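Chain by chain, the residues:
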Amino acid sequence: MTTMAENIKNGKSDSHVPEQIPGRTCEAANEVQADERPVYAKEDKLFLAGALLLGILFTWLFYGKNPGVSVPLFVIAFYALFFAYVRPAQDKKAMFGWFLCIPVLLISMTFVLFRDLTLMVLNILALPCLIILQTVLITGTNNYRWYSPGIIVDLLFGFFARGIVHAAKPFSMFASMVRSKTGGEKKSTVLRIITGLVIALPILLILLLILSSADMVFGKLVEKLPDLLNSLNLGEVFIKTFLMLIIFICSFSYIWSLKHKEKFLDIDNGLLSAKSADEKRRWDPVVLVTVTACIDLLYIFFVIIQFAYLFGRSGLPEGLTYSEYARNGFSELILVSLLNMGWLALTLTYTKKGKRGLDITFRILNTITVCCTYVMLLSAYYRMLMYEEAYGFTFLRVMTQVFMIFLFVLFSTTLVRVWNDRIPLLKPYIAAAVIAFTVINYINADALVARKNVDRYFETGKIDIYYFNSLSNDAVAELVRLVDADDPEVAQKAAEMLEDRKERIYGRTDWQSFNLADLRAKRAINGK
């Protein structure tokens, strides 16, 4: 028997398995490999099947169709898969995340209730953001607190990292499941080849597009492919399959990362900066009091002018009418209000604590700033009303008025913060923004704009009938009222628009695009 030193010298080790029996080498190696293969639980396999069904459902609901009832159906299906697999525990720290379930559901339902194209585009962008924020918060995988500016980093990771970090996992899971059932190396090799082909398909598509634009001859040959695919009816199948795979892989990877509590940053305190609130306060209070006092003096003088000329309607300079005076300076007032918001947020966060008298003076000056801003917002709102009386109502003008009301709410929150240092500004700002965006979706802006313009027409005889072309089917009921207008040109144009709407509405036959606004428009047209 050799010694340990001799074994080491000869490249051997006592930890090695004794000499194998001839004919059993491959079998033993296979057993070792089998032991190294990952073992997936039943719930993992069911989740794999669920993610695949989610990709198929997405393609069925959305490919070649307008968003409608399909949106809330897909959102419900996504959450059903998410909650069934992840099973997040309720935690007081995640209360805001659970609260976000309400705006997510309400915003998804707007695709059924209304047909405002502008808000639809905004909702298509906002809904994924809210879903990512909500699912990250309730699973505790956020690196930053939801009221910290760093939460944007979590959103970016949710968009661009979680959806692709486990892109290969579904294929490795499927391969492992097949190998465990077949146990054959030959079948395993065939499966790996098939997996490689599936992965290569989207890569080949991208390269095909790049090369076809790089070489004209090659591009002309590629141009003939659509005709061939259409004749074989394979083009649409390929696109649907590609779309299904993208949704399948992204949803699988995203939910898998949440299930396993993966974080992409090593951050303990959940803030962009580890400094405390007092350590952040570095701005000299005397300097800030001086600057704020100067600004307030200017604002007070401006407010006096507003009450004297705009609200009090004192005599204006010669050659200037009230309507012209009211319509000027609207955008500038909004800009100043936004600057005041930023100024207050910064000074309240970074100004050092001074002596009691200085501190009270600073709070009073900030209160004056907020109150003057209230007057500016009121002035801007009044100017917009005058502008609408002169030129009519539009979606942008109504949304601007809503935005001013939103700013009023934010400044009210800021005023509370001026006198209570314990209130963080970002918390109420974010909550107010989510609630405001949800409410905006339910005021039915297109119907409101149409109703205001039609009422204005019957009062003044003025209307921009062509603007109705830019409004959604929510405005059809008001357009029907114009068919009986005294002006034959307005009545005829309204009838032509309704006929065009009718053709487009009845042209939609798929149930996935069902929308109550379209249904209301049909009834309004048929009942006119």
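Visitor: Looking at this model, I keep getting lost on the overall build of the protein. Mind explaining?
Guide: Looking only at helices and strands, one finds 23 helices and zero strands in the protein. Within the protein, the fraction of its 528 residues that count as buried is 39%. Sequence-distant contacts, at least 24 apart, represent 77% of the contacts inside the protein between residues at least 6 apart. Carbon and sulfur atoms make up 66% of the accessible area of the protein, which amounts to about 30300 Å² in all.

Visitor: What exactly am I supposed to notice about the packing of helix α22 (residues 488-506) against helix α23 (residues 516-526) here?
Guide: Between two packed helices, both the angle of their axes relative to each other and the distance between the axes serve to describe the pair. At a minimum axis distance of 10 Å, the contact between α22 and α23 shows a crossing angle of 135°. When the interaxial angle is binned, α22 and α23 end up oblique. Helix-helix and strand crossings are classified by hand; for α22 and α23 the assignment is left-handed. In this structure, α22 uses Leu498, Arg501, Lys502, Ile505 and Tyr506 to contact α23, whose residues at the interface are Asp518, Ala521, Lys522, Ile525 and Asn526. Taken together, the residues of the contact of α22 with α23 break down into five nonpolar, one polar and four charged.

Visitor: Could you clarify how one ought to interpret the packing of aromatic side chains in this entry?
Guide: To describe a pair of aromatic rings, you give the distance between the ring centres and the angle between the ring planes. What the rule picks out here adds up to 24 aromatic pairs. Seen in terms of ring centroids, Phe159 and Phe160 are 6.1 Å apart; in terms of plane orientation they differ by 45°. Their pairing is tilted. Assessed through its relative accessible area of 61%, Phe160 is described here as exposed. With centroids separated by 4.6 Å and ring planes inclined at 35°, the aromatic side chains of Tyr374 and Phe408 adopt a geometry described as tilted. With a gap of 34 residues between them, Tyr374 in helix α17 (residues 356-391) and Phe408 in helix α18 (residues 395-419) connect regions that are remote in the sequence. Classification of Tyr374 by relative accessible area gives buried; the value is 17%.

Visitor: Sorry, what's going on with unusual backbone geometry here?
Guide: A negative phi angle is the norm for most residues apart from glycine, just as the trans form is the norm for most peptide bonds. Of note, the phi angle at Arg87 is positive, near 50°, even though the residue is not glycine. Summarising the element assignment, Arg87 is placed in the loop between α4 (70-86) and α5 (95-99). Given the relative accessible area of 55%, Arg87 is considered exposed. In this model, Asn444 sits at a positive phi of 55°, which is unusual for a non-glycine residue. Residue placement: Asn444 occurs in the loop between α19 (426-442) and α20 (445-460).

Visitor: Sorry if this is basic, but what is going on with the side chain of Ser251 here?
Guide: Relative to the helices and strands, Ser251 resides in helix α12 (residues 235-259). Once residues lying within four places of it in the same chain are set aside, the contact partners of Ser251 are Phe47, Ala51 and Leu54.

Visitor: Looking at this structure, I do not really get the environment of Ile440. What am I missing?
Guide: As for its position among the elements, Ile440 is in helix α19. With relative accessibility at 18%, the residue Ile440 sits in the buried group. Remark: the alpha-carbon pair of Ile440 and Val402, spanning 38 residues in sequence, is separated by 7.9 Å.

Visitor: How do you make sense of a nonpolar patch on the surface when you look at a structure like this?
Guide: A grouping of Phe99, Ile102, Leu106, Ile435, Val439, Tyr442 and Ile443 is seen on the molecular surface, where their side chains present a nonpolar patch of about 540 Å² in accessible area. Elements with a contribution of two residues or more to the nonpolar patch: α6 (101-113) and α19. Per element, the largest residue contribution to the nonpolar patch is three residues, and it comes from α19. Tracing the chain through its elements places Ile443 in the loop between α19 and α20.

Visitor: Help me understand α20, please; the structure alone is not making it clear to me.
Guide: Side chains that are three or four residues apart share a direction in an α-helix, a result of its 3.6 residues per turn. Spanning 16 residues, α20 covers 22 Å between terminal C-alpha atoms, matching the ideal 22 Å at 1.5 Å per step. Summarising the contacts, the buried residues of α20 are in contact with α17, α18, α21 (476-481) and α22. Just downstream of α20, Gly461 is the residue with a positive phi angle, here 80°.

Visitor: Sorry, what's going on with α19 here?
Guide: The end-to-end C-alpha distance of α19 is 25 Å, a good match for the 24 Å that 17 residues give at a rise of 1.5 Å each. Tyr429, Ala432, Val434, Ala436, Thr438, Ile440 and Asn441 are the residues of α19 that are buried.

Visitor: Explanation requested: the pattern of salt bridges in the structure shown.
Guide: Side-chain pairs of opposite charge can arise where the charged atoms are in close proximity. Applying the stated rule across the entire model yields 11 salt bridges. Two residues, Asp421 and Arg363, come together in a salt bridge whose shortest N-O distance is 2.8 Å. Within this pair, whereas Asp421 is found in the loop between α18 and α19, its partner Arg363 is found in helix α17, the two being separated by 58 residues in sequence. Here Arg363 falls in the buried class, since its relative accessible area comes to 13%. Taking the shortest distance from any N to any O, the salt bridge between Arg481 and Glu478 comes out at 2.6 Å. Residue Arg481 and its partner Glu478 are located together in helix α21, separated by three residues, close to a single helical turn.

Visitor: Would you mind going over the side chain of Arg162 with me for this structure?
Guide: Within the secondary structure layout, Arg162 lies in the loop between α8 (151-160) and α9 (169-182). Buried charge without a salt bridge: Arg162, with Glu262 as the nearest opposite-charge side chain at an N-O distance of 5.3 Å. Excluding its chain neighbours within four sequence positions, the residues that come into contact with Arg162 are Val136, Thr141, Phe157, Ser253, Tyr254, Ser257, Leu258, Glu262 and Phe264.

Visitor: Looking at this model, I keep getting lost on the confidence of the model for the protein. Mind explaining?
Guide: Parts of the prediction with low pLDDT should not have their coordinates interpreted in detail. Across the protein, the average pLDDT comes to 80, with 74% of residues at 70 or higher. pLDDT under 50 marks residues 1-35. Its contacts with residues more than four places away, or in other chains, come to six contacts. In this model, residues 268-276 is a region of pLDDT below 50 whose contacts with residues beyond four sequence positions or in other chains number 17 contacts.

Visitor: Which parts of the structure should I look at to understand the packing of α18 against α19?
Guide: At a minimum axis separation of 11 Å, α18 and α19 run at an interaxial angle of 155°. Viewed along their axes, α18 and α19 adopt a mutual orientation that is roughly antiparallel. Considering how the two elements wind past one another, α18 and α19 form a crossing that is right-handed. Judged by residue contacts, Met399, Val402, Phe406, Leu410, Thr413 and Thr414 of α18 engage Pro428, Tyr429, Ala432, Ala433, Ala436 and Ile440 from α19.

Visitor: Could you clarify how one ought to interpret the environment of Leu130 in this entry?
Guide: Structurally, the position occupied by Leu130 is in helix α7 (residues 117-139). Taking the relative accessible area as the measure of exposure, Leu130 reaches 10% and is therefore buried. Through-space distance from the C-alpha of Leu130 to that of Cys101 is 8.7 Å; in sequence the pair is 29 residues apart.

Cut-offs used in this document
- Residues numbered from 1 in each chain as written.
- Predicted model: local features only at pLDDT ≥ 70, side-chain atom pairs only at ≥ 80, totals over all residues.
- Heavy atoms only, no water.
- Helix = DSSP H or I, 4+ residues; strand = E, 2+ residues; numbered from the N terminus.
- Buried < 20%, exposed > 50% of the residue type's maximum accessible area, 1.4 Å probe, protein only.
- Contact = heavy atoms within 4.5 Å.
- Areas by Shrake-Rupley, 256 points an atom, 1.4 Å probe, with all protein chains shown as cover.
- Axes fitted to C-alpha atoms, helices over the stretch in contact; angles between N-to-C directions.
- Parallel < 35°, antiparallel > 145°, perpendicular 65-115°, else oblique.
- Left-handed = near helix turned anticlockwise from the far one by under 90°.
- Nonpolar A, V, L, I, M, F, W, Y, C, P; charged D, E, K, R; others polar.
- Phe/Tyr/Trp six-rings, centres within 6.5 Å; stacked < 30°, edge-to-face > 60°.
- Patch = residues over 30% accessible without salt bridge, like charges linked within 9 Å, V, L, I, M, F, W, Y side chains within 5 Å.
- Salt bridge = Lys/Arg side-chain N within 4 Å of Asp/Glu carboxyl O.
- Expected span 1.5 Å × (residues − 1).
- Lys, Arg positive; Asp, Glu negative; His and termini not counted.
- pLDDT = per-residue confidence, 0-100.

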